[in-house]
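Geometric and topological summary
Spelled out, the chains give:
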Amino acid sequence: MSKVGLCVAETVIAFTLLVLATYWMKRKGVLKQEDSPVFARLLTQAVLPATILYQLWTHPMSSESFTPVLVMFASGTAALAISWLAGVLLKFDRESTGALMIVSSFGSSALIGYPIIQFAFENNTWALAEGIVISELGVGLPIFIFCPAVAMYFGGTFRGTEDLKKLAKEYFTSPILIAVVLGLAGAQMRIPEGIPVVDTLREALKMAQGATVVVSAIILGLQLSVQPPRGFWALIVVSIVVQMLFQPWMCNTVSNLLEVGAENRQILILISTMPAAILGPVFASRYNCAAKTATMLTFTHIVISPVLVPVVFSSLA
C-alpha cells in the first residue's frame, strides 16, 4: 500500500472506531439519538467558532496561496451547483437535495487531508503550511458560510418566504459567521506572539479545536442507522461522482490552465479528493435537513476513501 493509502486507512479506521463506539453506546442506552441536537448545538455554537477563529487567525493567506484557494473555492462552488441540479433532475425531496448539496460540495480536508499531506510531502513543512491555508480558506471557510445556509434553507423547518427574514437574522448573527469575520480580521492584524493575554487566548482556542473530531464522531454515531434512507444508492452515486471525482478533475484542469505550481496542484488534488466533510451531518442535524441521509452519505465516503483517494491522486498527479 502507498504512503497516501496507508495514511488514509489509519485515519479512517481511527475515526470509524469513534463513530462505532458512539453507535454501540446508543444501542446500550448510554446515549440517545435525541441527544444529537444537543451535541450539534455544542459544536456549532462553541467548538466550531473557536476552531474557525483559531485557524483563520493563525494561518493568514500569502500571495502564493491566492490562486490555489480560488481554484479550490471554485470547484466546491461548482459541485454545490451540480449537486443541486442533480437533486432537481432526479426528483429528490427537498431535505435530501439539501443533504446532497452539503455532503458533495466541500471535502473533509482537516480530518484526513493534513495527515495525507504530511505523508505525501515528507519533511516539507512548506507543503503542510500551504495545505492548511488552501484548505481553511478554500474549503473550511465555504463550509462555514454556505453549508449552514443550505441546511437552513432546505431543512424541514423552512416554510417559505415568510421565514427568510428569520433565516437571515439567525445566519448573520450566528457564532460561526462572527468567528469567520473575527478570524480574518485577526490574521490581517498580525498580532505578534509573546503577549500573555493573546497567547493564552490562542491556547484556549487551540484546546477547544481538539474537541471537533470527537464531538463530530458522536453526532455521526447517534445519527447512524443500519437502514439506508429511501433513494440512498442514487444519492451516494451522485455524491461520490461530484465530490471525489469531479472536483479533483476540475482542480487539476483549472490548475494547469492557470499554471499553478506542481506541488500546489498536487495539494489541490489531494484536498479535493477527500471524502465528505464530517461537519455536513452536524449542520443537517442542527437545521433538520435530512440528517440521517447526510450521515450515511458521509460515512460511506469515509469508508471508501482508502481505495478511492490513492487511485484518483495517482491518476491525476
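Please refer to the structure higher up on the page.
The text that follows walks through the structure, step by step, so that each part is easy to find. All figures in this text were calculated on a predicted structure; none of them were measured in a lab.

Reading guide: rules and limits
Sequence order as written defines the numbering, with residues in each chain counted from 1. For this predicted model, a pLDDT threshold of at least 70 governs which residues receive local features, and a threshold of 80 or more governs which side-chain atom pairs are given and counted, while totals over whole chains, interfaces and linings are taken from all residues. Computation of side-chain values: all heavy atoms of the structure, hydrogens and water removed. Only buried residues count toward a nonpolar core, which is a set of Ala, Val, Leu, Ile, Met, Phe, Trp, Tyr and Cys residues joined through side-chain atoms within 4.5 Å. Any residue under 20% of the maximum accessible area for its type is buried, any over 50% is exposed, and the rest in between are partly exposed; the area is computed with a 1.4 Å probe on protein chains only. Helix numbers and strand numbers start at the N terminus; a helix is a DSSP run of H or I with at least 4 residues, a strand a run of E with at least 2. Contact definition: two residues touch when any of their heavy atoms are within 4.5 Å. A pair of aromatic rings is counted whenever rings of Phe, Tyr or Trp (Trp by its six-membered ring) have centres within 6.5 Å, and the orientation is called stacked for planes under 30 degrees apart, edge-to-face for over 60 and tilted otherwise. For a lysine, the NZ atom is tested; for an arginine, the CZ atom; a charge sits over a ring if that atom is within 6 Å of the ring centre and within 35 degrees of the ring normal.

1. Quick look at the nonpolar core
One recurring pattern in soluble globular proteins: nonpolar side chains tend to sit buried together. In terms of nonpolar packing, the biggest core is built from 79 residues, with L43, I143, F144 and F283 touching the most fellow members. Looking at this core element by element, the count peaks at 12 residues for helix α6 (residues 125-154).

2. Side note on the side chain of T273
For T273, the position within the fold is in helix α12 (residues 262-273). A relative accessible area of 0% means that T273 is categorised as buried. When residues no more than four places from it in sequence are discounted, the contact partners of T273 are M244, P248, V309 and V312.

3. Focus on unusual backbone geometry
Even without being glycine, K91 reaches a positive phi, approximately 60°. The phi dihedral of A290 falls on the positive side, at around 50°, and the residue is not glycine. Inspection of the secondary structure assignment puts A290 in the loop between α13 (279-286) and α14 (291-316).

4. Observations regarding the packing of aromatic side chains
Evaluated as defined, the whole model comprises 4 aromatic pairs. Ring geometry for F73 and F146: centres 6.0 Å apart, planes at 35°, overall tilted. Here F146 lies in helix α6 and F73 lies in helix α3 (residues 66-89), a separation of 73 residues in the sequence. On the basis of relative accessible area, F73 is assigned to the partly exposed category, the value being 30%. Taking the centre distance of 5.2 Å and the plane angle of 80° together, the rings of Y153 and F154 count as edge-to-face. In this structure, R94 packs its charged tip against the face of Y153, placed 4.6 Å from the ring centre.

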